[in-house]
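Working through the structure, step by step
Residue-level listing of the chains:
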Amino acid sequence: MIEAHELTKDFKGFRAVDHISFAVKQGTIFAILGPNGAGKTTTVRMLTSILKPSAGWARVAGYDVVKQPTAVRRSVGVLTEQHGLYERMRGMEYLDFFTRIYRLPPELRTRRPLELMERFGLGDALEKRLGEYSKGMKQKLALVRAMLHDPPVLLLDEPTSAMDPQSAKLVRDTIKELRRAERTVAITTHNLTEAQELADRIAVIRQGRIIAMGTFEELSRRFVGEPIMELRLTQHLNGAAEELRGMVQIVAQGEDWLRYRTSAPQRTNPQVIRKLTGAGLEIVTLSEVSQTLEDIYLQIVAEDEGAHMEEHA
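Since the structure is predicted, the reported quantities are computational estimates derived from the model, not experimental observations.

**Topic: the overall build of the chain**
- Of regular secondary structure, the chain possesses 11 helices and 14 strands.
- For 313 residues, the compact-globule estimate of 2.2 N^0.38 gives 20 Å, and the chain exceeds it by more than 25% at 24 Å.
- Taken along its principal axes, the extent of the C-alpha atoms in the chain is 75 × 50 × 30 Å.
- Within the chain, buried positions represent 47% of all 313 residues.
- Considering only intrachain contacts with a sequence separation of at least 6, the fraction spanning at least 24 residues in the chain is 67%.
- Summing over all exposed atoms, the chain offers an accessible surface of approximately 16100 Å²; the carbon and sulfur share of this is 47%.
- Between the centroid of the 43 positive side chains of the chain and the centroid of its 42 negative side chains there is a distance of 7 Å.

**A short note on the pairing of strand β1 (residues 2-11)**
- Where β1 meets strand β4 (residues 55-60), five bridges bridge the pair, whose relative direction is antiparallel. Its bridge partner being in β4, His 5 is matched across the sheet by Trp 57.
- As paired strands, β1 and strand β2 (residues 14-24) are joined by seven bridges and run antiparallel to one another. Paired with Ile 2 across the bridge in β2 is Val 24.
- Counting the residues that bridge the hairpin from β1 to β2 gives two residues, and of these Lys 12 lies at a positive phi of roughly 45°.

**As for the packing of helix α3 (residues 91-101) against helix α5 (residues 135-147)**
- As a packed pair, α3 and α5 sit with axes 10 Å apart at the nearest point and diverge in direction by 25°. With respect to α5, the element α3 is oriented roughly parallel. In this structure, α3 crosses over α5, and the sense of that crossing is right-handed. For the pair α3 and α5, the contacting residues are Tyr 94, Leu 95 and Phe 98 in the first and Leu 141, Val 144 and Arg 145 in the second.
- The residue makeup of the contact of α3 with α5, split by class, is five nonpolar, no polar and one charged.

**Some details on the packing of aromatic side chains**
- Within this structure, the stated rule accounts for six aromatic pairs.
- Both rings, one in Tyr 86 and one in Tyr 94, keep their centres 5.8 Å apart while their planes meet at 70°; by these two values the pair is edge-to-face.
- With relative accessibility at 41%, the residue Tyr 86 sits in the partly exposed group.
- The class of Tyr 94 is buried, set by a relative accessible area of 0%.
- Ring centres of Phe 97 and Phe 98 lie 5.3 Å apart, and the angle between their planes is 85°; this geometry places the pair in the edge-to-face category.
- The buried category is assigned to Phe 98, whose relative accessible area is 12%.
- Members of the aromatic cluster, each reached through a chain of ring pairs, are Tyr 86, Tyr 94, Phe 97, Phe 98 and Tyr 102.

**Observations concerning the sheet that holds strand β6 (residues 76-79)**
- Strand order in the open sheet made by the six strands is β6-β7-β8-β3-β9-β10, with mixed pairing throughout. Of all the strands in the sheet, the pair left with one neighbour each is β6 and β10 (209-214). The sheet shows a mean angle of 15° between the axes of neighbouring strands, taken without regard to direction.
- In terms of strand pairing, strand β9 (residues 201-206) meets β10 through five bridges, oriented antiparallel. What sits directly across from Val 204, in β10, is Ala 212.
- Across the sheet, α5 is in contact with β6 and β7 (153-157); its angle to β6 comes to roughly 165°.

**Overview of a nonpolar patch on the surface**
- Residues Tyr 86, Phe 97 and Ile 101 make up a contiguous nonpolar surface patch of about 290 Å² in total accessible area.
- Following the sequence through the fold, Tyr 86 ends up in the loop between β6 and α3.

The rules behind these values
- Residues numbered from 1 in each chain as written.
- Predicted model: local features only at pLDDT ≥ 70, side-chain atom pairs only at ≥ 80, totals over all residues.
- Heavy atoms only, no water.
- Helix = DSSP H or I, 4+ residues; strand = E, 2+ residues; numbered from the N terminus.
- Rg over C-alpha atoms; globule rule 2.2 N^0.38 Å.
- Buried < 20%, exposed > 50% of the residue type's maximum accessible area, 1.4 Å probe, protein only.
- Contact = heavy atoms within 4.5 Å.
- Areas by Shrake-Rupley, 256 points an atom, 1.4 Å probe, with all protein chains shown as cover.
- Lys, Arg positive; Asp, Glu negative; His and termini not counted.
- Charge placed at Lys NZ, Arg CZ, Asp CG, Glu CD.
- Pairing = 2+ DSSP bridges.
- Axes fitted to C-alpha atoms, helices over the stretch in contact; angles between N-to-C directions.
- Parallel < 35°, antiparallel > 145°, perpendicular 65-115°, else oblique.
- Left-handed = near helix turned anticlockwise from the far one by under 90°.
- Nonpolar A, V, L, I, M, F, W, Y, C, P; charged D, E, K, R; others polar.
- Phe/Tyr/Trp six-rings, centres within 6.5 Å; stacked < 30°, edge-to-face > 60°.
- Patch = residues over 30% accessible without salt bridge, like charges linked within 9 Å, V, L, I, M, F, W, Y side chains within 5 Å.
- Salt bridge = Lys/Arg side-chain N within 4 Å of Asp/Glu carboxyl O.

Next comes the structure, spelled out in structure tokens:
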């Protein structure tokens, strides 16, 4: 549903996006991560036909972003960092204006906004002027606007920014529903916990380049290493760690616990359990030590920074 090939954008000698390529399948969520100024928003603007690429090409919902801009804009819902809300208008009045821009049939011009406003907890704010909305309410209204015409593709820039935890969960749940409805969603976010929860695939962009891309599991193995298991016993190890060293790579240990790395936990863990129980030791727990996207992201950026320094040394 979203394809980009060698997509590039230059601004008067400054390269904001540098030959990036990726594909997002229908019914999946794609997260674009990176620091401020990395090129995330510029990428989204090219995908919505707001900016023309300097080189490369992109297609959204099957339409070329340069050759078929009208069809692209009709096929996407966009949540931008700056919402551009008309703050003197009332909520329902504002949404009715956009239903006409999107050319929704008359029978949907009232029903669709009402359904979405109720879904996002804004049913009581229909007649309020937008200038009276809180930051979180404005964010939700902008998301309602993006979903009005039920587009097959959504491009969401920081979708839960300025929201309280309950509202943010509501938005995340809605994004998951969109995936189940075979909608395709690309999000840019600084909320790494949110990206880990939502994304099927993740791209990390820095200085206009994609420096890593894959599923959470793929990125974890590539940048953090093989899974680490933690074993806890009811008693002292009594030298059992030494007996395990030929089976696994022990990375840390205490009096009654140890951690080891393994590339094949399905095969290794039963062997470890048999070894320890055979030695008369009782196991309390054996579980994988969870990695976070924050750990992985920081490692990706650190490795890229190191490679960049070596190039210029």
